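One-letter residues, chain by chain:
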Amino acid sequence: MACRTVCQLLQRRLASSAASVRLSPAEVRGQRSAVFSREQARQRALYPRTEKIEVTLQIPGLQGTLLVMNKGVSTPHSCARHLTEWYVTSSALALVDGNPWPLHQPLTQSCSLSLLTFKDTDPLLVNQAYWRSCAALLGQVLEDAFKEDFSVELIRVPEVLVTSGAFCCDVVLDPQLDAWNPSEESLRSLTRGAQQLIHRDLPWEPLEVVPPVALEVFSHSRCKQEEVEEKSAQSPKGTVMLYRCGDHVLLSGGPLVARTGLCSQYEVTAIHPLGEGEWGLHRRAQGLSLPFQLQAHHTVWRKLRSRAEKLVEVPTGSANEAVSDTLTPPSAPKQTPPHTAQQ
Amino acid sequence: MRLNIQMLISHGRVARKMGLGPESRINMLRNILTGLVRHERIETTRGRADEVRFYAEKLIDYAKKGDTDEKAMKMANFWLTEKDLIPKLFKVLAPRFETQPKAYTRMARIPNRENLDKAAMAVLEYKGNPFPPLQTAKRDNELTLINQLLKGYREERAQQAAAKVEA
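Nothing here was measured: the structure is a model prediction, and the numbers come from that model.

Visitor: Let's hear about the overall build of chain B: which residues, and what values?
Guide: From N to C terminus, chain B includes five helices and three strands. Traced from its N-terminal end to its C-terminal end, chain B shows the element sequence α-β-α-α-α-β-β-α. Against the globule reference of 15 Å for 167 residues, chain B gives a C-alpha radius of gyration of 23 Å, more extended than a compact globule. With the C-alpha coordinates aligned to their principal axes, the bounding extent of chain B is approximately 75 × 45 × 40 Å. In chain B, buried positions account for 34% of the 167 residues. Restricting the contact set of chain B to residue pairs at least 6 apart, pairs at least 24 apart contribute 60%. A total of about 11,300 Å² of accessible surface is found on chain B, and carbon and sulfur atoms cover 55% of it. With 32 positive and 21 negative side-chain charges, chain B shows a separation of 6 Å between the mean positions of the two kinds.

Visitor: Summarise the interface of chain B and chain A; cite the residues concerned and give the values.
Guide: Every contact between the two is made by 17 residues of chain B and, on the other side, 31 residues of chain A. Summing the contributions of chain B and of chain A, the shared interface buries around 2,100 Å²; its carbon and sulfur component is 67%. Ranking the residues of chain B by area buried against chain A places Leu-145, Leu-149 and Gln-159 of chain B at the top, with a combined share of 32%. For the interface between chain B and chain A, the tally reads two salt bridges. For the salt bridge of Glu-156 of chain B with Arg-307 of chain A, the shortest nitrogen-to-oxygen distance reads 2.5 Å. The tally of links between chain B and chain A comes to five residue pairs in polar contact (both at pLDDT 80 or more). Residue classes in the side of chain B that touches chain A are distributed as seven nonpolar, six polar and four charged.

Visitor: Give a description of the sheet that holds strand S8 (residues 205-209) of chain A that names residues and reports values.
Guide: All names here are of chain A. Here we have three strands laid out as an open sheet, ordered S8-S9-S10, and antiparallel in their pairing. Edge strands, defined here as strands with exactly one partner in the open sheet, are S8 and strand S10 (248-251). Taken over all neighbouring pairs, the strand axes of this sheet differ in orientation by 30 degrees on average, direction set aside. As paired elements, strand S9 (residues 240-245) and S10 share four bridges and run antiparallel to each other. Bridge pairing links Arg-244 to Val-249 in S10. Sitting on the sheet, helix H8 (residues 222-234) touches S9 and S10, and the angle it makes with S10 is about 45 degrees.

Visitor: Residue-level account of a negative patch on the surface, with values.
Guide: Residues Glu-226, Glu-229, Glu-230 and Glu-278 of chain A make up a contiguous surface patch of negative charge. Tracing the sequence through the fold places Glu-278 of chain A in the loop between strand S11 (263-277) and strand S12 (280-291).

Thresholds applied
Residues numbered from 1 in each chain as written. Chains lettered and ligands numbered in written order. Predicted model: local features only at pLDDT ≥ 70, side-chain atom pairs only at ≥ 80, totals over all residues. Heavy atoms only, no water. Helix = DSSP H or I, 4+ residues; strand = E, 2+ residues; numbered from the N terminus. Rg over C-alpha atoms; globule rule 2.2 N^0.38 Å. Buried < 20%, exposed > 50% of the residue type's maximum accessible area, 1.4 Å probe, protein only. Contact = heavy atoms within 4.5 Å. Areas by Shrake-Rupley, 256 points an atom, 1.4 Å probe, with all protein chains shown as cover. Lys, Arg positive; Asp, Glu negative; His and termini not counted. Charge placed at Lys NZ, Arg CZ, Asp CG, Glu CD. Buried area = accessible area lost by both parts, 1.4 Å probe. Salt bridge = Lys/Arg side-chain N within 4 Å of Asp/Glu carboxyl O. Polar contact = N/O pair within 3.5 Å; in protein donor to acceptor, adjacent residues only side chain to side chain. Nonpolar A, V, L, I, M, F, W, Y, C, P; charged D, E, K, R; others polar. Pairing = 2+ DSSP bridges. Axes fitted to C-alpha atoms, helices over the stretch in contact; angles between N-to-C directions. Patch = residues over 30% accessible without salt bridge, like charges linked within 9 Å, V, L, I, M, F, W, Y side chains within 5 Å.

Quick look at the structure:
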């Protein structure tokens, strides 16, 4: 009898911890994707009747063209489809009333629209969005790369300037892999995984959600929930932007480009250990990528790649600060640069 | 000489025939060259522009010797039919090209003439002329992604070179 009570106690103890049992990564992804689809369907159902909005184009050569689109359904992508195929393939980001707007996000009111490409006179926004998208892709590849027994936690995607040479993604791997250092073969296989995703040409579907829904999406990941709270505190409307690519749901600090097919040259260059952090051994995965409209000759690519293997230092400040250049200016050679990677 | 079929076939012969004969060709080139020195940008047929290029650059080489040089003055006197251009050649054009070793002219092809002959035309100019440029070299915007990456790469190399110089 004492044995039975002990067994029941044990069962109850084990039952309470069963609620927090680790699901396999595939199940976690499926669950996140299901919550995302549900929220997406709910937001679409907010517009049961088709209402029309007027979109004025601000594209060189088509200034002032008026398009009559559907409210809550039409995206800048569908506006581009009304023009020519070149606009569809080359536009990476849209500017709606002067604000950067992901290409697949529905328009909700009459506005002015301009489509941004990589070869504009001022492609700064597009470059930053592209860098963020490549880092998000890197995070997705890392999540998929390891076997089911090993957990992968994406911590954050630091905002890095394009001139620093590589995009980075901070990640914490399973404690069993603390002694693992990536070899060239493993970096190449990660690159191959990324190239497969690029080949599938998946769109990054944006969704603006309130924090409770985002917390539900990331219910299995404590650091992601903290990131959601941080981002919702910073954003003016209190909402958080989620992006889905394939079946992965990601959180991002800014707009991403339209689809993975826009990247052509993509390589994962290095994974540097950063030291012990609050979630375990932090590692920084870095990569280099170029869009298909700006392909580099292989000699130029090799030079840029050797630079991208070096550790990129991210300035440790609050995320609200403007990201300063990680390189000290060459006009001050007397001072030893504080961010020396190799020395 | 033996009159044979090879005289009628001109394979591999690079020398152009212009006008009524060799003397006429030199006179024509002289007139075109005078016009070029006066206006610094002229429009002629493609063959004539190509021929004049050689003489225009040789004339600048002679002018660089200075107007005290006997041979240079004789050349300038022969080639420039309008004598008020001789001081312009020695005092304006020669100093302009002091630093350059060669390539003082630029030739750009333009659409065929509108006349019945539809001749292929070209514009010939001395570099450094005061007119707006004929063709701007198409360079990609400095702010594109690849140019920004290369800018960062160049800055890092400059930094490393400076650090090496110090050490």
